[in-house]
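Descriptive analysis of the structure
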Amino acid sequence: MRTTTTALAIVAALAVAGPAAAKSPSYKGKTKEGTKVSFVLSGKWVDQFRSSVPTTCVSAQGGNPLVTIKSWAPPYKYLLGRRAQFKYTDPYTTTYTISTNKSGKNITGKLALSYSMLASNTFAGYHILTCYGTASFTAKPAG
């Protein structure tokens, strides 16, 4: 009898958890720069945001600029319809800025990031690179 009660409690918990999980639709899209975007909308929160941002790095000491793609995947949630700015260290301290808006079923937004890093130069030893990247995106419900 006790086993049956425990089994029924587990089934009831899963039945309640099923609709709650369905309330978090996932979104997929692209930036205007061509990189992929994905995230989950949990109520009014944009969660598990993943993308990449084209980034340009220049040095005050001179030299050629460096162009790269920087991954955007800090472990934070963002309030839909608001602008958020925060710092996250991995492997250097990066300042991230995100703003999102809902337009019908689609979600649009802008991304920006900036950081500095130490880089080696074969002629002058080391120099400091200051990097900045921006992207704008549109995402639609997946599925």
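Right above here is the structure, for reference.
Residues numbered from 1 in each chain as written. Predicted model: local features only at pLDDT ≥ 70, side-chain atom pairs only at ≥ 80, totals over all residues. Heavy atoms only, no water.

1. Some thoughts on the side chain of Ser-51
As for its placement among the helices and strands, Ser-51 is situated in strand β3 (residues 45-59). By relative accessible area, which is 6% here, Ser-51 ends up buried. In terms of polar contacts, Ser-51 uses its side chain to reach the backbone carbonyl oxygen of Lys-36, at 3.0 Å. Those residues in contact with Ser-51, other than ones at most four positions away along the chain, are Thr-31, Thr-35, Lys-36, Val-37, Lys-70, Ser-71, Trp-72 and Leu-111. (Helix = DSSP H or I, 4+ residues; strand = E, 2+ residues; numbered from the N terminus. Buried < 20%, exposed > 50% of the residue type's maximum accessible area, 1.4 Å probe, protein only. Polar contact = N/O pair within 3.5 Å; in protein donor to acceptor, adjacent residues only side chain to side chain. Contact = heavy atoms within 4.5 Å.)

2. Some thoughts on the packing of aromatic side chains
Summed over the entire model, instances satisfying the criterion amount to 12 aromatic pairs. Three or more aromatic residues joined by ring pairs form one cluster here, namely Tyr-27, Phe-39, Phe-49, Trp-72, Tyr-76, Tyr-78, Phe-86, Tyr-88, Tyr-96 and Phe-137. The ring of Tyr-115 carries Lys-70 above its face, with NZ or CZ at 5.0 Å from the centroid. (Phe/Tyr/Trp six-rings, centres within 6.5 Å; stacked < 30°, edge-to-face > 60°. Lys NZ or Arg CZ within 6 Å of the ring centre and 35° of its normal.)

3. A word on the nonpolar core
In this structure, Phe-39, Phe-49, Trp-72, Tyr-78, Leu-111 and Phe-137 are the most contacted members of the largest nonpolar core, which totals 24 residues. Looking at this core, the elements with two or more residues in it are β2 (36-42), β3, β7 (93-103), β8 (106-121) and β9 (125-141). Counting residues per element, this core draws most heavily on β8, at six residues. Excluding residues within four positions of it along the chain, Tyr-78 makes contact with Lys-44, Trp-45, Val-46, Phe-49, Trp-72, Ala-84, Phe-86 and Ile-98. (Core = buried A, V, L, I, M, F, W, Y, C linked by side-chain atoms within 4.5 Å.)

4. Quick look at the state of the cysteines
According to the stated counting rule, one finds one disulfide in the structure shown. Here Cys-57 engages in a disulfide with Cys-131; their sulfurs sit 2.0 Å apart. Between Cys-57 and Cys-131 the sulfur-sulfur dihedral comes to about 110 degrees; the bridge is accordingly right-handed. Of this pair, Cys-57 sits in strand β3 while Cys-131 sits in strand β9; the two residues are 74 residues apart in sequence, bridging distant segments of the chain. Classification of Cys-57 as buried rests on a relative accessible area of 0%. (Disulfide = S-S within 2.5 Å.)

5. Focus on the pairing of β3
Looking at chain direction, β2 and β3 are connected through four bridges and run antiparallel. Looking at β3, one finds that Val-40 is bridged to Asp-47. Hairpin connection from β2 to β3: two residues lie between these consecutive antiparallel strands, with Gly-43 at a positive phi of about 70 degrees. For β3 and strand β5 (residues 78-79), the ladder comprises two bridges, and the chain directions are antiparallel. Bridge pairing links Val-46 to Tyr-78 in β5. Here seven bridges tie β3 to strand β4 (residues 66-72), and the two strands are oriented antiparallel to one another. Its bridge partner being in β4, Pro-54 is matched across the sheet by Ile-69. Hairpin remark: β3 followed by β4, antiparallel, with six residues in the connecting loop; positive phi at Gly-62, about 100 degrees. (Pairing = 2+ DSSP bridges.)

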